[in-house]
Amino acid sequence: MQTPPSPPVLEHDPTHPKPMTPLPTAQRFPSRSLVLLLAASTLAWLAGCSALPTQAPAATISLPLRIGWVDGLEARYVTTDVSDADLAVEQNANFAPRLARSAQAPAGLNLLERVYKVANFQQRPVFQSAPQPVGPGSLDKSYSPLWRLTWVTWKQAGQAKELRSEQDILDAEDQGLLTVQATDLVLNCPILAIEGRGRLAGVRWP
């Protein structure tokens, strides 16, 4: 007896899924030119990213760099704020009257160090303290950039000489050669560099 032929497979018959027609080779695999184009685009993108700046250049300013003495060494500093109006004009600094309040602080809370200015002899100011060394590694915990202006006056003009440290001033006072008078005038004068003790990063001068 002859076997009857199988019924035809219809597209909608769920028992006979429609066989997939294989894609042409050109559609299954990208062309070589397309691969090269994608690779070139990726390299160009990566190169562009690497060329982007990672950090904006630091801004710089110029300020008058002044020179004083501390412990017999040259100290370079700037004056930015002064509690007295007339002195602020003379120093070309900000007038900051609230700084004067720091001169009224009780003992143990005073933030001021002394800066000595000779009244009747031309010389550089003398600072009481300074960073040692200059920068974040300073070990001098008494240093403060806020200074109480202290006048030094020679009793005899013929005996005047250059004083380069607080100890020089105190010795001359003990000898009766000069007088020392502290005021309530306060200056903000950060020390930026000291001979032999380093300088803050970026500080330079001719």
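Every chain's residues receive numbers from 1 upward, in the order its sequence appears when written. With the structure being a predicted model, the display of local features is reserved for residues of pLDDT at least 70 and the display and counting of side-chain atom pairs for 80 or more, all residues being used for whole-chain, interface and lining totals. Excluded from the side-chain calculation are hydrogens and water; included are all heavy atoms of the structure.

A. Focus on the packing of aromatic side chains. Two rings from Phe, Tyr or Trp (for Trp, the six-membered ring) form a pair when their centres are within 6.5 Å of each other. A pair whose planes differ by under 30 degrees is stacked, one over 60 is edge-to-face, and the rest are tilted. Tallied over the entire structure, the rule returns 3 aromatic pairs. Relative to phenylalanine 127, the ring of tyrosine 77 lies with its centre 4.9 Å away and its plane at 75°, an arrangement referred to as edge-to-face. Placement of tyrosine 77 in strand β2 (residues 73–77) and of phenylalanine 127 in strand β6 (residues 126–127) is noted, with a sequence separation of 50 residues between them. We note that tyrosine 77, like phenylalanine 127, is buried. Each member of the aromatic cluster is reached from another via a ring pair, and the members are Tyr77, Phe127, Tyr143 and Trp147. Any Lys NZ or Arg CZ found within 6 Å of a ring centre and within 35 degrees of that ring's normal is scored as a charge over the ring. Residue placement shows arginine 124 over the ring face of tryptophan 69; its charged tip is 4.9 Å from the ring centre. Helix and strand assignments come from DSSP, with helices taken as H or I runs of at least 4 residues and strands as E runs of at least 2, each series counted from the N terminus. Throughout this description, buried means an accessible area under 20% of the type-specific maximum (1.4 Å probe, protein chains only), exposed means over 50%, and partly exposed covers the range between.

B. Local environment of the pairing of strand β9 (residues 191–194). DSSP-based pairing: two strands are paired if at least 2 bridges between them are found. Bridging between β2 and β9 involves 3 bridges; their strand directions are antiparallel. When the sheet's bridge partners are listed, alanine 75 is paired in β9 with isoleucine 194. One ladder, built from 2 bridges, connects β9 with strand β10 (residues 198–199); its direction is antiparallel. Along β10, the bridge assignment pairs isoleucine 194 with glycine 198.

C. Seen up close, the environment of phenylalanine 127. Owing to a relative accessible area of 1%, phenylalanine 127 belongs among the buried residues under this scheme. Residues count as neighbours in contact if any of their non-hydrogen atoms are within 4.5 Å of one another. Those residues in contact with phenylalanine 127, other than ones at most four positions away along the chain, are Gly68, Trp69, Val70, Tyr77, Arg114, Val115, Trp147 and Ile191.

D. Region of interest: the layout of surface pockets. Taken as a whole, the largest pocket holds about 400 Å³ of empty space. Cavity and pocket criteria rest on a 1 Å grid covering protein atoms alone: a 1.4 Å probe that fits but cannot get out defines a cavity, protein on both sides within 12 Å along at least 5 of 7 lines defines an open pocket, and an atom within 4 Å of a point defines a lining residue. Along the wall of the largest pocket there are 13 residues; nearest its centre are Ile61, Ser62, Leu63, Gly202 and Val203. By the convention adopted, Pro, Cys, Tyr, Trp, Phe, Met, Ile, Leu, Val and Ala count as nonpolar, Lys, Arg, Asp and Glu as charged, and the other residues, Gly among them, as polar. A breakdown of the residues in the lining of the largest pocket according to their chemical character gives 9 nonpolar, 3 polar and 1 charged. Grid points are joined across faces, edges and corners, and a volume is the space filled by probe spheres set on the points. Its boundaries defined by the atoms lining it, the second largest pocket holds a volume of some 300 Å³. Mapped by element, the contributors of at least two residues to the lining of the second largest pocket are α3 (85–91), β5 (113–118), β7 (146–154) and β8 (178–188). Looking at the lining of the second largest pocket, the element that brings in the most residues is α3, giving 3 residues. Here the residues of the lining of the second largest pocket sort into 10 nonpolar, 4 polar and 4 charged.

E. Seen up close, the nonpolar core. In this structure, Phe127, Leu187, Ile191 and Ile194 are the most contacted members of the largest nonpolar core, which totals 17 residues. When contributions to this core are tallied by element, the ones reaching two or more residues are β2, α3, β7 and β9. Discounting chain neighbours no more than four positions away, the residues touching isoleucine 191 are Ala75, Arg76, Tyr77, Phe127, Ser129, Ala130, Pro131, Val134, Tyr143 and Trp147. If you look at the next biggest cluster of nonpolar residues, it comprises 13 residues, including Tyr116, Leu163, Ile169 and Leu178. Residues belong to one nonpolar core when they are buried, are Ala, Val, Leu, Ile, Met, Phe, Trp, Tyr or Cys, and are joined through side-chain atoms within 4.5 Å.

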